[in-house]
Amino acid sequence: MKGQRLPPPTSKIRLDSSLAIVNIVLLLIFFFLTTGSLVGAQEFSVRLPETKDLPLDLLPKPLLIVGEDGSMTLDGAPVERGTLNDLLIDDPVLHVLTDRDTRAFDLLDHLAAEHLVAVEIRLATLHRKAEDGA
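1. Observations regarding the overall build of the chain
Alright, step 1. The helix and strand tally for the chain stands at 3 helices and 5 strands.
Alright, step 2. Helices and strands appear in the chain in the N-to-C order α-β-β-β-α-β-α-β.
Alright, step 3. Evaluated residue by residue, the chain yields a buried proportion of 19% over its 134 residues.
Alright, step 4. Within the chain, residue pairs in contact and separated by at least 24 positions form 72% of the contacts whose partners lie at least 6 positions apart.
Alright, step 5. Surface exposure of the chain reaches about 11400 Å², of which carbon and sulfur atoms provide 60%.

In structure tokens form, the structure reads like this:
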């Protein structure tokens, strides 16, 4: 078998991963552009809702009313600071009513100081009547 030739050697194909890396980088750039903010966050205010003509005796019980000065009343009875958890031993849900201008962080700090255990807290809102100057 004279003159029989072998097939030409095949060259190994090298995969270029640079295209995949460029695609991943572009996807990351698009992701951060769409989810991030290029402009600093603007300060905004939230106006809390109010209910009109809602008598307090129709509000859910137990109802904790937190005054502007931090005083608390539970269903009309004054509550000393640090005793709220003992008063709610049989109630898994506590409804909280506070002034509309109370900062959320102040209210959360005030309730955290009571060390409530296994109590679900729900906020109740109270709307003022038109003649109250709302």
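2. A closer look at the nonpolar core
Alright, step 1. One finds L64, V66, M72, L74, V79, L84, L88, L94, V96, L107, L111 and V119 forming the largest nonpolar core, which totals 12 residues.
Alright, step 2. Looking at this core, the elements with two or more residues in it are strand 1 (63-66), strand 2 (72-74), strand 4 (93-98) and helix 3 (104-112).
Alright, step 3. In this structure V79 touches M72, T73, L74, L84 and L87, once residues within four positions along its chain are discounted.

3. Description of the sheet that holds strand 1
Alright, step 1. The strand order 3-2-1-4-5 describes an open sheet built from 5 strands, whose pairing is mixed. Of all the strands in the sheet, just strand 3 (77-79) and strand 5 (120-123) have a single pairing partner and so form its edges. Here the strands of the sheet are splayed against their neighbours by 30° on average, with no regard to which way each runs.
Alright, step 2. Bridging between strand 2 and strand 3 involves 3 bridges; their strand directions are antiparallel. Residue pairing in the sheet places T73 in a bridge with P78 of strand 3.

4. Focus on the pairing of strand 1
Alright, step 1. Here strand 1 runs beside strand 4; their pairing, made up of 4 bridges, is parallel. From the neighbouring strand, L63 faces strand 4, where its bridge partner is H95.
Alright, step 2. Both strand 1 and strand 2 contribute to a ladder of 3 bridges, which runs antiparallel. Paired with I65 across the two strands is T73, which belongs to strand 2.
Alright, step 3. Hairpin geometry of strand 1 and strand 2 is characterised by an intervening segment of 5 residues between the two adjacent antiparallel strands and by a positive phi of about 95° at G70.

5. Observations concerning the side chain of H95
Alright, step 1. By secondary structure assignment, the location of H95 is in strand 4.
Alright, step 2. The residues touching H95, leaving out its near neighbours within four places in the chain, are P60, K61, P62, L63, L64 and R122.

6. Some remarks on the pairing of strand 4
Alright, step 1. With 5 of its 6 residues buried, strand 4 lies for the most part within the structure.
Alright, step 2. Looking at chain direction, strand 4 and strand 5 are connected through 4 bridges and run parallel. Within the sheet, the bridge partner assigned to V93 lies in strand 5 and is E120.
Alright, step 3. Handedness of the strand 4-helix 3-strand 5 crossover: right-handed.

7. Here we look at the packing of aromatic side chains
Alright, step 1. Across all of its chains, the model carries 1 aromatic pair by this definition.
Alright, step 2. Relative to F32, the ring of F31 has its centre 5.2 Å away and its plane inclined at 70°; by these criteria the two rings are edge-to-face.
Alright, step 3. By relative accessible area, which is 54% here, F32 ends up exposed.

Basis of the calculations
Residues numbered from 1 in each chain as written. Predicted model: local features only at pLDDT ≥ 70, side-chain atom pairs only at ≥ 80, totals over all residues. Heavy atoms only, no water. Helix = DSSP H or I, 4+ residues; strand = E, 2+ residues; numbered from the N terminus. Buried < 20%, exposed > 50% of the residue type's maximum accessible area, 1.4 Å probe, protein only. Contact = heavy atoms within 4.5 Å. Areas by Shrake-Rupley, 256 points an atom, 1.4 Å probe, with all protein chains shown as cover. Core = buried A, V, L, I, M, F, W, Y, C linked by side-chain atoms within 4.5 Å. Pairing = 2+ DSSP bridges. Axes fitted to C-alpha atoms, helices over the stretch in contact; angles between N-to-C directions. Right-handed = clockwise from strand over helix to strand, strands pointing away. Phe/Tyr/Trp six-rings, centres within 6.5 Å; stacked < 30°, edge-to-face > 60°.

Keep in mind that these numbers describe shape and distance, not what the molecule does.
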